[in-house]
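Spelled out from the first residue to the last, the chains are:
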Amino acid sequence: MKSETEVRLGIMGGTFDPIHYGHLVAAEAARAAFELDNVLFVPNRLPPHKKDYPVSEPKHRYLMAVLATITNPYFDVSRIELDRDGISYTIDTLRALRQVYGSTAKLHFISGADAILDLLSWKDVDELLALCYFIAATRPGYQLSDQLLKLQKKYPNRVFRVEVPALAISSTGIRCRVREGKPIKYLLPEPVEYYIYKHGLYSLKK
Ligand code: ATP
Ligand code: MG
C-alpha cells in the first residue's frame, strides 16, 4: 500500500446529468497521462453558475455515476458535494479533500476545455491552484490554447493539458435526445441508459 506522501488523486467535478463517455474518457486519459492512483467523480449539489434547466435529483446523478464507473477499478464517486448544503464551490471540496488525504498528497482537478475558460472567476482561485494541480482536458468545440497559456503564466507548473480522444458528447445533448425520443445508445454506458428510462429522466411527461 502506498504511503500518504505518494498518493496522486484525480478529482473530476461536474453536474453529471447524466454522466457520459465524454466524462469517462477524459478522466481515464488524465489518469493514464498523470499516473493517478484514483479518480474521484464529484457530482455537485448546486453548481455555482445556475443551470438554465431543472437539474435532476442528487440521488439520480450519484447513482448514474456509480453505475458508469463500476467497471473501472481506478474510479470512485464521492458524495462530498451532494452532502454539503448550499452552492458547491470547488474550493470547499479541495479544502476538505486536503484534510482527508493530508498535506503531501498530489491532488489534480480535471476539467474540460469549456469549464476552464472561466477558471479565473472561480471562488478563491489562488488558493485553489495552491491546493491542487489543474488538468485541462481537450473537448471538441472548445479552444484551449489561449486560456491555457494565460493560466500557465499566472500559475507556473500548476496547470496542464491532456489530449483526450475527441467525443462530441454533452449531457445537454443527451437530455435533448431523450426528450425528442432519439437514441442515446453508445453515448453513455448501457446501465446509465437503462437507469434514465427506468426513472423517466429528461422526458417532458413526469
Ligand atoms: P452540460 O451539457 O449539462 O453542461 P456536460 O456534458 O458539459 O453537461 P458537465 O457535468 O457539465 O457535463 O461536465 C463535467 C466536466 O466534464 C466538465 O469539466 C466538462 O468540461 C467535462 N466534459 C464534459 N463532456 C466532455 C467531453 N465530451 N470531453 C471532454 N470533457 C468533457
Ligand atoms: Mg457542462
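Refer to the preceding data block for the structure.
Counting of residues starts from 1 at the beginning of each chain's written sequence and follows it residue by residue. Chain labels run from A onward and ligand labels from 1 onward, assigned in the order the entries are written. In view of the model being predicted, local features appear only for residues whose pLDDT reaches at least 70, and side-chain atom pairs are presented and counted only at 80 or more, with totals across whole chains, interfaces and linings using the full set of residues. Side-chain measures here rest on the full set of heavy atoms in the structure, leaving out hydrogens and waters.

S.K.: Sorry, what's going on with the overall build of the protein chain here?
M.R.: Only runs of H or I of at least four residues qualify as helices and only runs of E of at least two qualify as strands under DSSP, and these elements are numbered from the N terminus. When helices and strands are tallied, the protein chain shows eight helices and six strands. Along the protein chain, helices (α) and strands (β) appear in the sequence β-α-β-α-β-α-β-α-α-β-α-β-α-α when read from the amino end. Its C-alpha atoms give the protein chain a radius of gyration of 17 Å, within 12% of the compact-globule value 17 Å for 206 residues. On the principal axes, the C-alpha backbone points of the protein chain span a range of 50 × 40 × 30 Å. The buried share of the protein chain, taken over its 206 residues, is 47%. Contact between two residues is taken to exist if any of their heavy atoms lie within 4.5 Å; hydrogens are not considered. Taking the intrachain contacts of the protein chain between residues at least 6 apart in sequence as the baseline, contacts between residues at least 24 apart amount to 76%. Note on areas: Shrake-Rupley, 1.4 Å probe, and residue coverage restricted to the protein chains presented here. Taken as a whole, the protein chain presents about 10,800 Å² of accessible surface, with 55% of it coming from carbon and sulfur. Charge convention: Lys and Arg are scored as positive, Asp and Glu as negative, and His as well as the terminal groups of each chain are ignored. Lys charges are placed at NZ, Arg charges at CZ, Asp charges at CG and Glu charges at CD. Here the protein chain carries 28 positive and 23 negative side-chain charges, and the mean point of each set is 4 Å from the other. Each radius of gyration reported is based on C-alpha atoms, and the globular scaling rule is 2.2 Å times the count of residues to the power 0.38. Exposure is judged per residue with a 1.4 Å probe applied to protein chains only, and the accessible area is read against the type maximum: over 50% gives exposed, under 20% gives buried, and values in between give partly exposed.

S.K.: Would you explain the nonpolar core in this entry?
M.R.: Core analysis: the biggest nonpolar cluster contains 34 residues, and Met12, Ile19, Val39, Phe41, Met64, Val162 and Ile196 have the highest contact counts within it. What valine 162 contacts, discounting residues up to four positions off in sequence, is Ala29, Ala30, Ala33, Phe34, Ile135, Ala136, Ala137 and Thr138. Counting 27 residues, the second largest nonpolar core, distinct from the first, contains Val7, Ile116, Val125 and Ala136. In plain words, nonpolar cores are sets of buried Ala, Val, Leu, Ile, Met, Phe, Trp, Tyr and Cys residues tied together by side-chain atoms within 4.5 Å.

S.K.: Can you help me understand the pairing of strand E4 (residues 106-112) in this one?
M.R.: Put simply, side chains in a regular strand alternate between the two faces of the sheet. Most of E4 is tucked away: six of the seven residues are buried. Here five bridges tie strand E1 (residues 8-14) to E4, and the two strands are oriented parallel to one another. Paired with methionine 12 across the strands is isoleucine 110, a residue of E4. Two strands pair when backbone bridges link them, and E4 and strand E5 (residues 133-137) are joined in this way by five bridges, in the parallel orientation. Bridging across to E5, histidine 108 finds its partner in tyrosine 133. Strands were regarded as paired on the criterion that DSSP finds at least two bridges between them.

S.K.: Please explain the site of ligand 1 as it appears in this structure.
M.R.: Any residue with a heavy atom lying within 4 Å of a molecule or strand is counted as near it. Taken together, 21 residues form the shell around ligand 1, and within it His23, Gly112, Asp114, Ser171 and Thr172 come nearest. In the analysis that follows, any N or O atom pair within 3.5 Å is treated as a polar contact, provided that within protein one partner can donate a hydrogen and the other can accept it, and provided that, for residues neighboring in sequence, both atoms belong to side chains. Measuring from an oxygen atom of ligand 1, one finds a backbone N or O atom of phenylalanine 16 at 3.0 Å. Between ligand 1 and the protein, one listed contact pairs a nitrogen atom with a backbone N or O atom of leucine 167 at 2.9 Å. Relative to its free-state accessible area of 600 Å², ligand 1 is covered by the protein chains to the extent of 92%. Of all the secondary structure elements, the ones that give two or more residues to the shell around ligand 1 are E1, helix H1 (21-33), E4, helix H4 (113-116) and helix H7 (171-179). Residue composition of the shell around ligand 1, grouped by class: five nonpolar, twelve polar and four charged. Residues are grouped as follows: nonpolar covers Ala, Val, Leu, Ile, Met, Phe, Trp, Tyr, Cys and Pro; charged covers Asp, Glu, Lys and Arg; every other residue, Gly included, is treated as polar.

Taken by themselves, the reported measurements are silent on function.
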